[in-house]
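What follows is each chain in one-letter form.
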Amino acid sequence: MNYSELTTIMRRLAIEAGNKIMEIYNADDFEVKTKSDASPVTEADEAADALISAGLRAAFPDVALVTEEQAASHSVDAMTFLIVDPLDGTKEFINRRGDFTVNIALVEEGVPTRGVVYAPARERMFYTNSVGHSVEETGPFDLDTVGEVKDIRVTEPDNGALMVVASKSHRDQATDDYINLYNVKDMRSAGSSLKFCLVATGEADIYPRLGRTMEWDTAAGHAVLAGAGGRVVRFDDHTPLAYGKAGFANPFFIAYAPGVDLKKG
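Residues numbered from 1 in each chain as written. Predicted model: local features only at pLDDT ≥ 70, side-chain atom pairs only at ≥ 80, totals over all residues. Heavy atoms only, no water.

What about the sheet that holds strand E9 (residues 149-151)?
Read from one edge to the other, the open sheet built from seven strands follows the order E3-E4-E5-E6-E7-E8-E9, with strand pairing classed as mixed. The sheet is open, and its two edges are formed by strand E3 (64-67) and E9, each paired on a single side. Looking at each pair of strands side by side, their axes are set apart by 20° on average, direction ignored. Relative to strand E5 (residues 101-108), strand E4 (residues 81-88) runs antiparallel, the two being bridged by six bridges. Bridging from a neighbouring strand, Val84 pairs with Ile104 of E5. Here helix H2 (residues 43-59) sits on the sheet and contacts E3, E4 and E5; the angle it forms with E4, its principal contact strand, is near 155°. (Pairing = 2+ DSSP bridges. Helix = DSSP H or I, 4+ residues; strand = E, 2+ residues; numbered from the N terminus. Axes fitted to C-alpha atoms, helices over the stretch in contact; angles between N-to-C directions. Contact = heavy atoms within 4.5 Å.)

This is the structure:
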């Protein structure tokens, strides 16, 4: 895999998809359908998926592609593959809350090694560069000209005053009970894979997820966090969260800066 080419293409496709999503987001109305698992899908999900899938297949025809919106891809059996959630945080999108992202990632031997997370309504974009270090680019997000980029790095946490980020749409009592095991200075809610990025930039120390997620929800954010020195582990035994699982469903997990003294749930 040519990582330099991959970075350029993932960044470009994320911006193109973000532009399309915002076009629909800013319209007076848009169509919302219900998928077989009762989750919502919009025309923005589908338009972004078509754009990203076509771009990745053209550039990397020999690499398996898994994408949320194409059920046929969910039977892919590979340890190295590209994985896409064209619009992560559909509920945020539908409710016009802004915390939705475009997620594109490369998984190699079960590990997310490269990824881009673009939040077009928040005007924030995070990605791994050609050598796997994570950066945040500041706008205006031109397709062909990279803007100002800065390296991002997880914080050195203070275990006596932790910054916690948790899901905006999927918060429950079990999550609150787990968070209460820590000494928390402040807590914020965020939607979609932005939570990984807030840990990656040092804006938060830990993000526990005690709820259902799929690999396409997490791979890009996981790659960005790893490229900033962070970790993502299973909630039950604190072993690294692996990818390429049958059906692509994740167990509960914890994303964190390595200085956090992890508690058992």
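With respect to the packing of aromatic side chains
Inspection of the entire model under this criterion finds 13 aromatic pairs. Geometrically, the ring pair formed by Tyr25 and Phe93 is tilted, given 5.3 Å between the ring centres and 45° between the ring planes. You can see Tyr25 sitting in helix H1 (residues 3-25) and its partner Phe93 sitting in helix H3 (residues 90-94), a full 68 residues away along the chain. Phe93 sits in the buried class, given a relative accessible area of 0%. With a centroid separation of 5.4 Å and an interplanar angle of 75°, the aromatic rings of Tyr178 and Tyr182 are classed as edge-to-face. Across the pair, exposure class does not vary: Tyr178 and Tyr182 are buried alike. Ring pairing ties together the aromatic residues Tyr25, Phe30, Phe93 and Phe100, which thus form one cluster. Above the face of the Tyr3 ring, Arg114 is positioned so that its terminal group lies 3.8 Å from the ring centre. Directly above the ring of Tyr243 sits Lys245, whose terminal nitrogen or CZ lies 5.1 Å from the centroid. (Phe/Tyr/Trp six-rings, centres within 6.5 Å; stacked < 30°, edge-to-face > 60°. Buried < 20%, exposed > 50% of the residue type's maximum accessible area, 1.4 Å probe, protein only. Lys NZ or Arg CZ within 6 Å of the ring centre and 35° of its normal.)

What to know about the nonpolar core
Where a protein is soluble and globular, its nonpolar side chains tend to be buried together. Ranked by size, the top nonpolar core spans 35 residues in total, and within it Phe81, Ile83 and Leu225 carry the most contacts. Broken down by secondary-structure element, the contributors of at least two residues to this core are E4, E5, strand E6 (111-119), helix H5 (194-200), helix H6 (215-227) and strand E16 (253-256). Those residues in contact with Ile83 that sit more than four places away from it in its chain are Val66, Asn103, Ile104, Ala105, Val107, Glu215, Trp216 and Ala219. (Core = buried A, V, L, I, M, F, W, Y, C linked by side-chain atoms within 4.5 Å.)

By themselves, these observations are geometric and do not establish any function.
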